Amino acid sequence: MMLSIAIIVPFLFLADLGAVQSLDLDISKFGGAPNADITQAFISAWNEACASTTAVKIVIPAGTYNMREVDVKGPCKAPIEIQVDGTIKAPANPDELKGADQWVKIGYTNFLTLSGKGVFDGQGAAAWKQNDCSTNKNCKMLCMNFGFNFLNNSIVRDITSKDSKNFHVNVLGCNNFTFDGFTVTAPATSLNTDGIHIGRSTDVKVLNTNIGTGDDCVSLGDGDKQITVQNVHCGPGHGISVGSLGKYTTESPVEGVLIKNCTLTETDNGVRIKTWPDAPGTITVTDMNFEDITMVNVRNPIIIDQEYCPWNQCSKKNPSKIKISKVSFKNIKGTSATPEGVLLICSSGVPCDGVELNNIDLTFNGAPAKANCSNVKPIITGTAPTCQALA
Ligand SMILES: *[C@@H]1O[C@H](CO)[C@@H](O)[C@H](O)[C@H]1NC(C)=O
Ligand SMILES: *[C@@H]1O[C@H](CO)[C@@H](O)[C@H](O)[C@H]1NC(C)=O
Ligand SMILES: *[C@@H]1O[C@H](CO)[C@@H](O)[C@H](O)[C@H]1NC(C)=O
Ligand SMILES: *[C@@H]1O[C@H](CO)[C@@H](O)[C@H](O)[C@H]1NC(C)=O
């Protein structure tokens, strides 16, 4: 199709070079209308787009729509863009999602773009109330807003994820996947609402993204390689984390992480690597780079925690077996909400190697923040706190 257009109107085509010619499919063609349930229309639009041998854009225009869980897959024959300018709402009652782990689940294809000014509203308030895992042992895994599974060369541009019942976004097994201009929003008090979790993926970029939520803004799981988080604002939230790691023997190593030019505001942690003590996992974590980061009243701005054990679920008697090496913290400034702005608590079984602190300018109540270290000898260049002797 592109070829025939190029032959008929070559000058027009050349002038428009870079814009991909695509067939627009409006959701209304499949019976999707504002203030109605568009579940079936969305699935029908996907099926038609996925079978098309030329690029297709599915358009969901401004308006408010309801949608139940969708699970759409490729491989598709050509690139697909889903442009959402409306607000799409999930059922507020978790039971109406029939046990789905993800509300909008898209997988197994190449060249997917999700774009537009639209909002995916998980309506999580009712779910958070019944699901406090710190007090309720029978808390259930609730539905995440998005699952992007085994997608290559794909982009999420603009788009807002709001009030997910659980994690907002789970990225699994993707290659060359970019978030650009994405927004995540949920209250600070919402439970388990991690922003973007990335696992077992290569070359994922989170760029120009604003994340305010009740748990980690970005968390990186096992098997991640070449991950970049740049120009991201986090807050409220629990910060940007690598881990937790080590709980299972099935995990793969984590290598090549760059967190750059990010601001964390009033978050629990700033940049963190966390691994479980008393756990069987033995993977390595290497080449972690954190630079040009501003902290605004962050409780633990820089933290390696190899004794991560929330709610006393484990014993700290046996050290973590995860080896952490080549970690640099460079040009990190701002304010800490606690005296020790730098906590480097490495494993007594496998101490950290090659941890570098370069130009760390953090203050607590106007005085330089301190550093606590165990099982690590950080290489200090420029200004940075030296490790205080531990009691
Ligand atoms: C995505 O890339 C991986 C690694 O190159 C490949 O194994 C997989 O088949 C690709 N997926 C699709 C849907 O083409
Ligand atoms: C990554 O994906 C984007 C978006 O589809 C594409 O433009 C780019 O060429 C891909 N990069 C590589 C190295 O394949
Ligand atoms: C750093 O990120 C902010 C957005 O948080 C952006 O406005 C600014 O241009 C970025 N700076 C550089 C040098 O890229
Ligand atoms: C840091 O070390 C000092 C001295 O041992 C100790 O008093 C303090 O509680 C430690 N802080 C943290 C957050 O572990």
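In this text, all values refer to a predicted model and were calculated from it rather than measured experimentally.

**Quick notes on the overall build of the protein**
At step 1: The helix and strand tally for the protein stands at 4 helices and 30 strands.
At step 2: Taken against the 2.2 N^0.38 rule, which gives 21 Å for 391 residues, the C-alpha radius of gyration of the protein at 22 Å falls within 12% of a compact globule.
At step 3: In terms of overall dimensions, the protein has a C-alpha envelope of 75 × 50 × 40 Å along the principal axes.
At step 4: Expressed as a percentage of contacts within the protein between residues at least 6 apart in sequence, the contacts between residues at least 24 apart total 74%.
At step 5: For the protein, the exposed surface amounts to about 16,600 Å²; the carbon and sulfur share of it is 53%.
At step 6: Looking at charge distribution, the protein has the averaged site of its 32 positive side-chain charges lying 4 Å from that of its 37 negative ones.

**Examining the site of ligand 2**
At step 1: Looking at ligand 2, the residues that line it are Phe111, Asn153, Ile155 and Asn176.
At step 2: One nitrogen or oxygen atom from the main chain of Asn153 is found 2.8 Å from an oxygen atom belonging to ligand 2.
At step 3: At a separation of 2.3 Å, an oxygen atom of ligand 2 approaches a polar side-chain atom of Asn176.
At step 4: Its free accessible area being 360 Å², ligand 2 has 40% of it covered by the protein chains.
At step 5: The residue inventory of the shell around ligand 2, partitioned by class, reads 2 nonpolar, 2 polar and no charged.

**Focus: the UniProt feature "active site" (unreviewed entry) in the protein**
At step 1: Per the UniProt record, "active site" (unreviewed entry) is annotated on His238.
At step 2: Inspection of the secondary structure assignment puts His238 in the loop between β18 (225–234) and β19 (240–245).
At step 3: The contact partners of His238, leaving out residues within four places of it in the chain, are Gly214, Asp215, Asp216, Thr267, Asp268, Asn269 and Arg272.
At step 4: Separated by 3.0 Å, the side chain of His238 and the backbone oxygen of Gly214 make a polar contact.

**Describing the nonpolar core**
At step 1: With 92 residues, the main nonpolar core has Ile82, Phe148, Phe179, Phe290, Phe329 and Leu344 as its most contacted residues.
At step 2: Beyond its immediate stretch of four places on either side in the chain, Ile82 contacts Phe42, Trp46, Ile58, Ile106, Leu112, Thr113, Leu114 and Ser115.

**Considerations on unusual backbone geometry**
At step 1: With an omega of -5 degrees, the peptide bond between Gly235 and Pro236 qualifies as cis.
At step 2: Residue placement: Pro236 occurs in the loop between β18 and β19.
At step 3: Of the consecutive residues Gly243 and Ser244, the connecting peptide bond is found in the cis state with omega at 20 degrees.
At step 4: Of note, Ser244 is situated in strand β19.

**Describing the state of the cysteines**
What is meant by a disulfide is a covalent connection between two cysteines, made through their sulfur atoms.
At step 1: Throughout the structure, instances matching the rule amount to 5 disulfides.
At step 2: Here Cys50 pairs with Cys76 through a disulfide, and the sulfurs are 2.1 Å apart. Across the S-S bond of Cys50 and Cys76 the torsion is about -95 degrees, and the bridge reads as left-handed. Of this pair, Cys50 sits in helix α3 (residues 39–51) while Cys76 sits in the loop between β4 (70–73) and β5 (80–84), and the two are 26 residues apart along the sequence. One exposure class covers both Cys50 and Cys76, and it is buried.

**Section: the environment of Asp305**
At step 1: One can find Asp305 in strand β23 (residues 300–305).
At step 2: Here Asp305 falls in the buried class, since its relative accessible area comes to 17%.
At step 3: Taking the C-alpha atoms as reference points, Asp305 and Trp276, 29 residues apart in sequence, are found 8.5 Å from one another.
At step 4: Once you skip the residues sitting within four places of it in the chain, Asp305 turns out to touch Ile273, Lys274, Thr275 and Ile345.
At step 5: Engagement of the side chain of Asp305 in a polar contact is seen with the backbone nitrogen of Tyr308, the distance being 3.3 Å.

Definitions and limits used
- Residues numbered from 1 in each chain as written.
- Chains lettered and ligands numbered in written order.
- Predicted model: local features only at pLDDT ≥ 70, side-chain atom pairs only at ≥ 80, totals over all residues.
- Heavy atoms only, no water.
- Helix = DSSP H or I, 4+ residues; strand = E, 2+ residues; numbered from the N terminus.
- Rg over C-alpha atoms; globule rule 2.2 N^0.38 Å.
- Contact = heavy atoms within 4.5 Å.
- Areas by Shrake-Rupley, 256 points an atom, 1.4 Å probe, with all protein chains shown as cover.
- Lys, Arg positive; Asp, Glu negative; His and termini not counted.
- Charge placed at Lys NZ, Arg CZ, Asp CG, Glu CD.
- Near = heavy atom within 4 Å.
- Polar contact = N/O pair within 3.5 Å; in protein donor to acceptor, adjacent residues only side chain to side chain.
- Nonpolar A, V, L, I, M, F, W, Y, C, P; charged D, E, K, R; others polar.
- UniProt positions renumbered as here; feature names shortened; annotations may be inferred.
- Core = buried A, V, L, I, M, F, W, Y, C linked by side-chain atoms within 4.5 Å.
- Buried < 20%, exposed > 50% of the residue type's maximum accessible area, 1.4 Å probe, protein only.
- Disulfide = S-S within 2.5 Å.

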